[in-house]
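# Structure at a glance
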Amino acid sequence: TALLYNNHRDVAAAIRTSGVPRAELFIVTKIPPGDMGFDEATAAIDRAVAELGTHADLVLIHWPSNFDPKAPLPACARGAAGSWQACRLATWRAMEAAHRSGK
């Protein structure tokens, strides 16, 4: 699943109706480029967890930089100090914090 796919609620419904115990599932989601950065990724993970109704077992960076040249750059990629490297690092730190908190 992925935030870009807008399907977390559908996945949550499928999990509920499947009868498969949560412990037998491995749920993966992805953070899109527009949600990269510490605060943005933290909010994206929180949104994914809320929509899924459960924690994600694995959170990935969906794409390491903008794949749509028309899409706005995230804050971490703008300005003199901004870069995709800075975005990936901040996003990684948000993912680590989410993992530590059980999300």
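Okay, so let's go over this structure. Bear in mind the structure is a predicted one, so any value in this text is a computation, not a measurement.

Once that is clear, we can look at the pairing of strand β2 (residues 58-61). Taken together, the four bridges between strand β1 (residues 28-31) and β2 define a ladder with parallel strand orientation. Looking across to β2, one finds that K30 is bridged to L60. In the classification by handedness, the crossover that spans β1, the intervening helix α2 (residues 38-52) and the parallel β2 is right-handed.

Moving on: helix α3 (residues 84-100). Given 3.6 residues per turn, any residue in an α-helix points the same way as the ones three and four places further on. The first and last C-alpha atoms of α3 sit 24 Å apart over 17 residues, in line with the 24 Å expected at 1.5 Å per residue. For α3, the full list of buried residues reads W84, C87, A90, T91, A94, M95 and A98. Angularly, the buried residues of α3 cover 145° about the axis, an arc narrow enough to put them on a single face. Opposite the buried face of α3, at more than 90 degrees from it, the exposed residues are Q85, H99 and R100.

Of note in this structure, N6 is not a glycine but carries a positive phi near 55°. Mapped onto the elements, N6 comes out in the segment before α1 (8-18). With relative accessibility at 61%, the residue N6 sits in the exposed group.

The interhelical angle for the contact between α2 and α3, taken along N-to-C directions, is 40°, at an axis separation of 8 Å. Accordingly, the angle class assigned to the pair α2 and α3 is oblique. Where α2 crosses over α3, the handedness of that crossing is right-handed. Residues F38, A41, T42 and I45 of α2 pack against A90, T91, R93, A94, M95, A97 and A98 of α3.

Rules used in this analysis
Residues numbered from 1 in each chain as written. Predicted model: local features only at pLDDT ≥ 70, side-chain atom pairs only at ≥ 80, totals over all residues. Heavy atoms only, no water. Pairing = 2+ DSSP bridges. Helix = DSSP H or I, 4+ residues; strand = E, 2+ residues; numbered from the N terminus. Right-handed = clockwise from strand over helix to strand, strands pointing away. Expected span 1.5 Å × (residues − 1). Buried < 20%, exposed > 50% of the residue type's maximum accessible area, 1.4 Å probe, protein only. Arc of directions from axis to C-beta. Axes fitted to C-alpha atoms, helices over the stretch in contact; angles between N-to-C directions. Parallel < 35°, antiparallel > 145°, perpendicular 65-115°, else oblique. Left-handed = near helix turned anticlockwise from the far one by under 90°. Contact = heavy atoms within 4.5 Å.

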